[in-house]
Amino acid sequence: MADNNELLRFINKSLKGKPIIVAIQHEPYSHVFTPKGIQVESGAGGVHILLDGILQKTSGVMVAIATGSADMATADKNGRIKVPPDNPSYTLKRVFVKKETFDNFYDGFSNQTLWPLCHAVFIKPKFYELWWKAYIEVNRLFAKAILEEVGDTDSFIWINDYQLSLLPKLLKKKSQKIRVGTFWHIPWPTHEIFRICPWKQEILKGLLGSDFIGFHRGYHVENFIECTRRELEVTVDSEPRSITHQNQYTKLDYIPAGIDYKNIISRIPSIKKVGEIEIKKNLGIHVPYLAIGIDRVDYTKGLLERFKIIDRFLEKYPKFKNKFCYLGIGAPSRLHIDTYQQLNNEIIALIEKINKKYATATWKPILYINKVLPRKTILSYYYISDICLVTSLDDGMNLVAKEYIICNQPSKGMLVLSKFTGAAKDLTPAIQINPYDINSSADALSNALELSKEEKIDRNTKMKEIVFFLVYPSGIIVGMPKKKLRVLYLSWFPFYGSGSGTYARYLAKEVNKTHQAAVVCPDTRKINGVKLYPLKMPFRVAFTGHPEWPNCKLFADIYNRDILRFHKNDLDSVVDAVEDFKPDIIHVHHCYPLSWAARFVKSTYQIPYVITVHGSELPTAQNFRKICGSYQEG
């Protein structure tokens, strides 16, 4: 993700001075009564840090629910207060919600209906009319508060997350001048799951009041589109990916959330000064191997599975007894909800059982801290750890994995990552596991500890480059490392004469300003300053050879040798470019068919790659296995 300055430049360029309003459920600053008087508490979390930084530099407005006991006493009659307290630079507008309404809205509908509905972890969502009515009421309160700020002016509203899904439509009903962007931070379920919600159509219609909806991953976009197709009368366009419903046009895209890596890197020198020995001494840990896990205590994080993996690991690999310790930081969460109380109790009981099973007079395998710790402390634990365990059963992204990659020592640390996180799509060099498979995951933990220093450096270097090198769908290049990279772009569409090609050409030219770019595409016209490698199979021939492409039938029955010949020519072109240009990273623009070539290049030349997926290409990707399998057989 871009740091604050990079995002700020993008916002200023895009909004051209329009007022910006951010709507988020939890406020970044709350005021509370204490024996020492009124004090300020700051909200935790990367989203709050990022949005707070942006608003400080845009003088915007954040609208959020008041949570502090002194919030009303410190705000004006309209619920407004300037923040941050030490340097007031933007307005926080507080929405005051009655406790009963808030409990039904937050503990009820948001976290016992929508949360389990959207996470495939086999926790049954609960559907209560009372909760739904409270959810509607809170969304209406947000709409009222925002409209008080903007009226009928041309302004931009950014809505954050699943608690406010009805808000876009409520705002658009009052004013068509308002531009609304929404980001959905959690997974979007398949229609087979989503269809059980009694208020599914109202939620979809609410979100489709947005001009733009962002998701973490491409398959979340496709799930959302399928739900709208099955539940509403909509028109879906593939390029750009968009939905039109009742004359409202909504663009969709996936934006893999990243982290402000510059902020994290700036803290590492101070961690080095303290040193690993001192940090371990303060924790009371005196073993050569340290694993860490940082989580909010939630059933989606696979915490019970994680401790079972550690138990099985120590059973199968007894040589690690007295040499291995797992440090778990579990931030308490939603303890008003029975499911979370039960989970917390089960975690404590399982930890006690495992420690009793293996502990000696001087060692126990699990150290568990059930509270929120300062960020600088967390980063120091990342730095000294040999393993970071991320065992989520379903996760939209998981930024802990990316934070660990930035902080860890390349020759020492290794990420053991659940395949069911959004981050796993980016961090392919990690040791990836299925946390439901306890036995294989225990093997993976052992393998991760025993990797050679050279392999750790290789994997971590690639993952650090991937985290640094994120290309936003907007065309803004962010997070580029200072080292000059050689970036090879692959596009199956011409760089001239097609919308997709024009977009890819723009990216290549932008990257080439500070790095070195080259392109492989079905074109022969030069791009100033960018080296060109034409595809051997001309685009027109390939396109006319694929009569089903324009109709999006997705090559379901394609097995003939003519089609495979196209793939072979594509692969030869890419290999020639790689051997001549020697890229550090490959960006595949359009999933089909060049990602097949990119996968071959990665396995043969060990070059990381990223893919921009468009439109109906996600289901097309399912046919890669069939096509590749047919080619390998013949």
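Residues numbered from 1 in each chain as written. Predicted model: local features only at pLDDT ≥ 70, side-chain atom pairs only at ≥ 80, totals over all residues. Heavy atoms only, no water.

Labelled according to an unreviewed UniProt entry, the chain appears under the name Alpha,alpha-trehalose-phosphate synthase, originating from Candidatus Roizmanbacteria bacterium GW2011_GWA2_37_7. Per UniProt, the comment on the chain under Sequence similarities (unreviewed entry) is "Belongs to the glycosyltransferase 20 family." (UniProt positions renumbered as here; feature names shortened; annotations may be inferred.)

Counting buried positions along strand S22 (residues 516-521) yields five of six residues, so the element is predominantly enclosed. Bridge count between strand S21 (residues 486-491) and S22: five bridges; the pairing is parallel. Bridge pairing in S22 links Tyr489 to Val519. Note: S22 against strand S23 (residues 531-534), four bridges, orientation parallel. Of the residues in S23, the one forming a bridge with Cys521 is Pro534. (Buried < 20%, exposed > 50% of the residue type's maximum accessible area, 1.4 Å probe, protein only. Helix = DSSP H or I, 4+ residues; strand = E, 2+ residues; numbered from the N terminus. Pairing = 2+ DSSP bridges.)

What follows concerns the pattern of salt bridges. Scanning the entire structure with this criterion turns up 29 salt bridges. The salt bridge involving Arg94 is made with Glu27; its shortest N-O contact spans 2.9 Å. Note that Arg94 is positioned in strand S6 (residues 90-95) and Glu27 in the loop between strand S1 (20-26) and strand S2 (29-34), a separation of 67 residues in sequence. Owing to a relative accessible area of 3%, Arg94 belongs among the buried residues under this scheme. By relative accessible area, Glu27 is classed as buried at 1%. Where salt bridges share partners, they join Arg80, Lys93, Lys144, Glu148 and Glu149 into one cluster. (Salt bridge = Lys/Arg side-chain N within 4 Å of Asp/Glu carboxyl O.)

A few words now on the environment of Pro608. With respect to the helices, strands and loops of the structure, Pro608 is situated in the loop between helix H21 (594-605) and strand S25 (609-612). Its relative accessible area of 6% is what places Pro608 among the buried residues. Remark: the alpha-carbon pair of Pro608 and Asp426, spanning 182 residues in sequence, is separated by 9.8 Å. Every residue in contact with Pro608, bar those within four places of it in the chain, is listed here: Glu465, Ile466, Asp584, Ile585 and Ile586. (Contact = heavy atoms within 4.5 Å.)

Another aspect to go through is the state of the cysteines. All told, the structure shown has zero disulfides when counted by the stated rule. Free of any disulfide, Cys227 has its nearest neighbouring cysteine sulfur in Cys118, separated by 9.1 Å. Taking relative accessible area as the criterion, Cys227 reaches 0% and is therefore assigned buried. (Disulfide = S-S within 2.5 Å.)

For the rest of this paragraph, the subject is the packing of helix H4 (residues 99-118) against helix H5 (residues 129-150). Packing of H4 against H5 leaves a shortest axis separation of 8 Å and a crossing angle of 110°. The angle between H4 and H5 falls in the class roughly perpendicular. Relative to H5, the crossing made by H4 is left-handed. Note on element contacts: H5 touches H4 through Leu130, Trp131, Trp132, Ala134, Tyr135, Glu137, Val138 and Asn139, opposite Thr101, Asn104, Phe105, Gly108, Phe109, Ser110, Gln112, Thr113 and Leu114. Per-class residue counts for the contact of H4 with H5 are nine nonpolar, seven polar and one charged. (Axes fitted to C-alpha atoms, helices over the stretch in contact; angles between N-to-C directions. Parallel < 35°, antiparallel > 145°, perpendicular 65-115°, else oblique. Left-handed = near helix turned anticlockwise from the far one by under 90°. Nonpolar A, V, L, I, M, F, W, Y, C, P; charged D, E, K, R; others polar.)

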